[in-house]
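Structure assessment
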Amino acid sequence: MRPLALVAVVGAAVTLPLLGGASAPAAVERVPAPVVGSPGIGDAYFPLDGNGGIDVRRYRIHDRYDFRTGRLSGRTRITLTATTTLRRFNLDLLLGVDSVTVAGRPAAWRKPNRHELRIMPRRPLAAGRSVDVVVRYHGHPDRIAWQGERSWFADHAEVAAVNQPHIAPWWFPANDHPRDRAVVDVRITVPKDKRVISNGRLVSRRVHGRLATTRWRAAEPMAPYLAFFTAGSFQVASGRADGRPWYHAVSTRLPPSVRAGAMSQLRRTPEIVRWLEQRLGPYPFSTMGGVVSGVQTEFALENQTRPVYAPYATGTETVVHELAHQWFGDSVALHAWRDIWLNEGFATFMEWVWSETHGEGTADARLRAYHAGREPSAWAFRIGDPGPGRLFDNEVYTRGAATVQALRNRLGETDFWAVVRAWLAERRSSTGTTAQLRAVAERVSGQDLDAFFSAWLLSGKKPAATAAMGLG
Ligand SMILES: [Zn+2]
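Cut-offs applied
- Residues numbered from 1 in each chain as written.
- Predicted model: local features only at pLDDT ≥ 70, side-chain atom pairs only at ≥ 80, totals over all residues.
- Pairing = 2+ DSSP bridges.
- Helix = DSSP H or I, 4+ residues; strand = E, 2+ residues; numbered from the N terminus.
- Contact = placed C-beta atoms within 7 Å.
- Axes fitted to C-alpha atoms, helices over the stretch in contact; angles between N-to-C directions.
- Domains from an automatic or database assignment.
- Parallel < 35°, antiparallel > 145°, perpendicular 65-115°, else oblique.
- Left-handed = near helix turned anticlockwise from the far one by under 90°.
- Nonpolar A, V, L, I, M, F, W, Y, C, P; charged D, E, K, R; others polar.

A word on the sheet that holds strand E10 (residues 130-139). Read across the sheet, eight strands follow the order E7-E6-E10-E4-E3-E13-E16-E15 without closing on themselves; strand pairing throughout is mixed. Because the sheet does not close on itself, it has two edges, and the strands there are strand E7 (105-106) and strand E15 (201-208). Of the strand pairs in this sheet, strand E4 (residues 71-82) and E10 are connected by 10 bridges, and their pairing is antiparallel. Directly across from Thr79, in E10, lies its bridge partner Asp132.

Across the sheet, which stays open at both edges, the four strands sit in the order E18-E19-E20-E22 with mixed pairing between neighbours. Both edges of this open sheet fall to strand E18 (234-241) and strand E22 (308-309), since each of them pairs with a single strand only. Here E18 pairs with strand E19 (residues 244-251) via eight bridges, running antiparallel. Counterpart to Arg240 in the pairing with E19 is Pro245. Along the sheet, helix H2 (residues 269-280) makes contact with E18, E19 and strand E20 (288-292), crossing E20 at roughly 130 degrees.

As a further point, take the domain arrangement of the protein chain. The extent of an interface is frequently quoted as the accessible surface area lost upon association of the parts. Here the protein chain is described as being made up of domain 1 (1-232) and domain 2 (337-469). The centre of domain 1, based on its C-alpha atoms, is set 32 Å off from the matching centre of domain 2.

Attention shifts here to the packing of helix H8 (residues 413-426) against helix H9 (residues 434-445). Orientation of H8 relative to H9, taken along the N-to-C sense of each, is 130 degrees, at an axis distance of 9 Å. With respect to their mutual orientation, H8 and H9 come out oblique. Once H8 is placed against H9, the crossing between them reads as right-handed. Residues Asp415, Ala418, Val419, Ala422, Trp423 and Glu426 of H8 form the contact with H9, whose participating residues are Leu437, Val440, Ala441, Val444 and Ser445. Here the residues of the contact of H8 with H9 sort into eight nonpolar, one polar and two charged.

See the structure below:
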């Protein structure tokens, strides 16, 4: 994400006890007693995000959206596996529920609070078995706020389900945490004069009466918040580069000169991906592209395979930032939101390297300007544990990038890029933590980096201007 206004968008964290998870008594029989899946996956920043006991493999979403009323209704088929034998489990959904089936049979359900959908199948879900869960739902996503977040963007002509850290529960039932990545297949039904854009590849568009249903499918699993759709009037362009299809879209509501400029920036996507591949290793996905929104005007977001940009923020560095996220954040997802600097620090650092290789000042100069120029009070903010309300604070971006450049100085060019490529290759299509990054860096470089990472991320103080801190 790259906010236009660097204002915290997330409300205060709530602390709720984790219910259920570990309450089953020790089983005597060989088959473990069915347990209750916990309502959270275990992220301290967002205790109700994700859910215990399930692993989603695929979401098949079919939503219908009414521009006049803002009403969304839909049906999502979720293919999931119980990781332990479950007598009930949860999904995350902020909309009203109409019905639930599990393995084709009606299941009892409850909404114990606005965010959680608790499902009680007729028979326990056996550990390790794959099952389809179908949820029908409806509501007005524009009226929904959760923990201070209003994630939905829509007006009479355009809608965008695009946000971070949360958007899925506004438009489909999800195991809403980056730890559970799944394949996403999106069908959206809107009036036939609108276009629909989503992740991956355009599969089909079927007109029926005054409506049209457009289907997109992304081949590689993604974190739920990276799934998106937008519908409206768009100018589109598509083609192939380096063996991969690309598809770009720009809202036709933008003035013609803005639209032309935005499209020419999007058209740099293959070139920027190639530049990133030279440094980071292979692009992780099979399709690429970008969307410039006419309704979501506050930030750019690294939606998997197809970032969504705000209309007046499509400078080249923003495109570099969102495409760098395809490696940092999308391919290697966060294990916990506390480590958000792993996403934003590396994406911002790659902007600095772009600038360095295009004659606009070195990344090292930016690090030194940052280190010299920060107010003493800014250092008190610990980017390694920013808290849920300051995930997208400017310091997470700039000190995150400064930390990466300081590591580059400390390790030297060869070892640094070897660390980056090893990290991305080893954690590809998985999640990563700061501790795991440090372990890779220590293994590749043979150096002890405990003091380095602590000073930059967690000390609450300005790191000393020493070689050990990457400032020799
Ligand atoms: Zn970002």
